[in-house]
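Chain and residue survey
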Amino acid sequence: MKAVTWHGRRDVRVEDVPDPTIQEPTDAIVRITSSGLCGSDLHLYETLGPFMGEGDVLGHEPMGIVEEVGSATGDLKVGDRVVMPFQICCGSCWMCDRGLYTQCETTQVREQGSGAALFGFSKLYGEVPGAQAEFLRVPQAQFMPIKVPEGPADERFLFLSDVLPTAWQSVVYADVPEGGTLLVLGLGPIGEMATRIALHQGFRVISVDRVPERLARAKARGAEVIDLDAVDDVGEEVRSLTQGRGADSVIDAVGMEAHGSPVAEVGQRVFNALPKRLSAAIMGRVGLDRMSAIYTAIDAVRRGGTVSLIGVYGGETDPMPMMTMFDKQLQFRMGQANVKRWVDDIMPLLVDDADPLGTELFATHQVPLSEAPEAYENFQKKLDGTVKVVFKP
Ligand SMILES: NC(=O)c1ccc[n+]([C@@H]2O[C@H](COP(=O)([O-])OP(=O)(O)OC[C@H]3O[C@@H](n4cnc5c(N)ncnc54)[C@H](O)[C@@H]3O)[C@@H](O)[C@H]2O)c1
Ligand SMILES: [Zn+2]
Ligand SMILES: [Zn+2]
């Protein structure tokens, strides 16, 4: 089958790889009909290279049709239309029982000290073949697939794999008080969807980015927007819009590909030039992350406010401004989204034909797998109006 594979920094290819097969009784094989390209893939494309293997299949936002089932996949049937969460989880361990699916104790990647295995996401998360491919082996298929109704286009449901539950969780974790103001940093797919959800829930939303069409999309949904490049200081700007206090809650939907810290960017490039084994060791220990968005979040939140961190950061000893975080008495909530925890909350909005979150028209680009190299580049560089790409294998 055809699949999008990783070959190095900014080098993805479309290649023939062996078709996946059933390996465990709980496996299923799904024929992929739509598969998202995510900001998290950009970390693999750029920053997390040291943890990738040449030829790894990318992608973790899949939906499709069940093609084959193992002998222990419950009521899953060939022909079912399904969306898969980006994390692989069993649904019945101690963590899954508590809705903490990204910590699943059955699939945790213990050798790496990581939580649940993820599709297409480096050795850190189990090096499980990903979903930007014609077929996908779905482990834990007695629990994983989210069955969705026939009828509406894939895009109505596809984003249940990642964007919707991630954005939803970021809004829940932001804990915006009644009548409060939410600041959303980053208007990639995650920040934009968080903006839409928070507006739908009736909050005042101020969203920040520097890409004109991303700002325009958020503004069109009713957000106030701040262009990163048009202001000297986002924190000051936010305070001027909030009686000098700052936002009640802030969502960092940027993560470690943040724009705005040239020193770190240079460090990153030097670091990427190191031999692979050496750079993996350094990355795990030190981390050379770009912290500008999180610093902005800490600055722009009001005292006693909440920061909801949904953008992904790597490395464990980043120099965090701990004193300010403590002094400002912040609550930090972070972690990968627990997809299945939120599906019942979101589904009513998706089966509503008014499509209140605008999911059907959310993707800006639908492309065949063969155009993956160009799609990755355009998404990373924000070219050609690219906000959300969906592959159609
Ligand atoms: N926690 C989870 O479960 C989860 C799931 C999916 C994605 N993510 C993460 O969410 C983040 C966003 O993903 P995405 O798909 O929206 O990707 P994206 O890369 O398209 O979005 C990031 C946006 O942030 C903007 N930006 C960069 N620097 C900024 C700054 N200093 N201030 C404000 N905006 C800035 C960029 O212009 C871009 O529009 C990534 O880190 C991704 O890994 C996390
Ligand atoms: Zn994703
Ligand atoms: Zn589990």
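For the structure, see preceding data.
Residues numbered from 1 in each chain as written. Chains lettered and ligands numbered in written order. Predicted model: local features only at pLDDT ≥ 70, side-chain atom pairs only at ≥ 80, totals over all residues.

With respect to the overall build of the chain
Each helix and strand in the chain was counted, giving 13 helices and 15 strands. A total of 393 residues make up the chain; the buried ones form 50% of that total. Taking the contacts inside the chain whose residues are at least 6 apart along the sequence as the reference set, 73% of them involve residues at least 24 apart. (Helix = DSSP H or I, 4+ residues; strand = E, 2+ residues; numbered from the N terminus. Buried ≥ 20, exposed ≤ 12 C-beta atoms within 10 Å, placed from the backbone. Contact = placed C-beta atoms within 7 Å.)

Structural notes on unusual backbone geometry
Where the residue is not glycine, phi is negative for most of them; where a peptide bond is considered, it is trans in most cases. Of note, Glu127 is a non-glycine position whose phi angle comes to about 50°, a positive value. Take Glu127: it is sitting in the loop between helix H2 (94–97) and strand E6 (135–138). With phi around 50°, Asp175 is a residue other than glycine that occupies positive phi space. Its place among the elements puts Asp175 in the loop between helix H4 (163–174) and strand E8 (181–185).

Some thoughts on the site of ligand 1
Gly39, Ser40, Gly186, Gly188 and Gly255 are the nearest of the 35 residues found near ligand 1. For the shell around ligand 1, the elements supplying multiple residues, two or more each, are helix H1 (39–46), helix H5 (189–200), strand E9 (204–209) and helix H10 (292–300). Per element, the largest residue contribution to the shell around ligand 1 is 4 residues, and it comes from H1. A per-class count over the shell around ligand 1 returns 16 nonpolar, 14 polar and 5 charged. Mapping the shell around ligand 1 onto the domain boundaries places at least three of its residues in each of domain 1 (2–162 + 338–391) and domain 2 (166–334). (Near = placed C-beta within 6 Å. Nonpolar A, V, L, I, M, F, W, Y, C, P; charged D, E, K, R; others polar. Domains from an automatic or database assignment.)

Here we look at the sheet that holds strand E12 (residues 301–309)
Pairing within the open sheet is parallel, and its 6 strands lie in the order E10-E9-E8-E11-E12-E13. Edge positions in the sheet fall to strand E10 (224–227) and strand E13 (331–334), since each has one partner strand and no second. Neighbour-to-neighbour, the strand axes of this sheet turn through a mean angle of 20°, independent of strand direction. Where E8 meets E9, 5 bridges bridge the pair, whose relative direction is parallel. Note that in E9 the partner of Leu183 across the bridge is Ile206. (Pairing = 2+ DSSP bridges. Axes fitted to C-alpha atoms, helices over the stretch in contact; angles between N-to-C directions.)

Structural notes on the pairing of strand E11 (residues 247–252)
Taken residue by residue, a regular strand's side chains alternate between the two faces of the sheet. Extensive coverage of E11 is indicated by the burial of 6 of its 6 residues. Bridge count between E8 and E11: 4 bridges; the pairing is parallel. Each residue of the ladder has a partner; that of Leu185, found in E11, is Asp252. Examined bridge by bridge, E11 and E12 share 5 bridges and lie parallel to one another. Looking at the pairing, Asp252 lines up with Leu309 of E12.

Things to note about the environment of Met95
With respect to the element layout, Met95 can be found in helix H2. Between the alpha carbons of Met95 and Glu105 there is a distance of 6.4 Å; along the sequence they are 10 residues apart. In this view, Met95 contacts Leu100, Gln103, Cys104 and Glu105; residues no more than four positions away in its chain are not counted.

Observations concerning the environment of Ala174
Its location among the elements puts Ala174 in helix H4. Placed 77 residues apart in sequence, Ala174 and Ile251 show a C-alpha to C-alpha distance of 6.5 Å. When residues no more than four places from it in sequence are discounted, the contact partners of Ala174 are Leu182, Ser249, Ile251, Thr306 and Ser308.

Points about the nonpolar core
Soluble globular proteins: nonpolar side chains tend toward being buried together. Judged by nonpolar contacts, the single largest core of 111 residues is most densely connected at Leu182, Leu185 and Ala194. Counting residues per element, this core draws most heavily on H4, at 7 residues. Of the residues that make up this core, three or more belong to each of domain 1 (2–162 + 338–391) and domain 2 (166–334). (Core = buried A, V, L, I, M, F, W, Y, C linked by C-beta atoms within 7 Å.)

Overview of H5
One turn of an α-helix holds 3.6 residues; hence residues three or four places apart share an orientation. For H5, built from 12 residues, the straight-helix expectation of 16 Å at 1.5 Å per residue is met to within 8% by its first-to-last C-alpha distance of 16 Å. The element H5 is extensively covered by neighbouring structure, given that 10 of its 12 residues are classed as buried. The complete set of buried residues in H5 reads Pro189, Ile190, Gly191, Glu192, Met193, Ala194, Thr195, Arg196, Ile197 and Ala198. (Expected span 1.5 Å × (residues − 1).)

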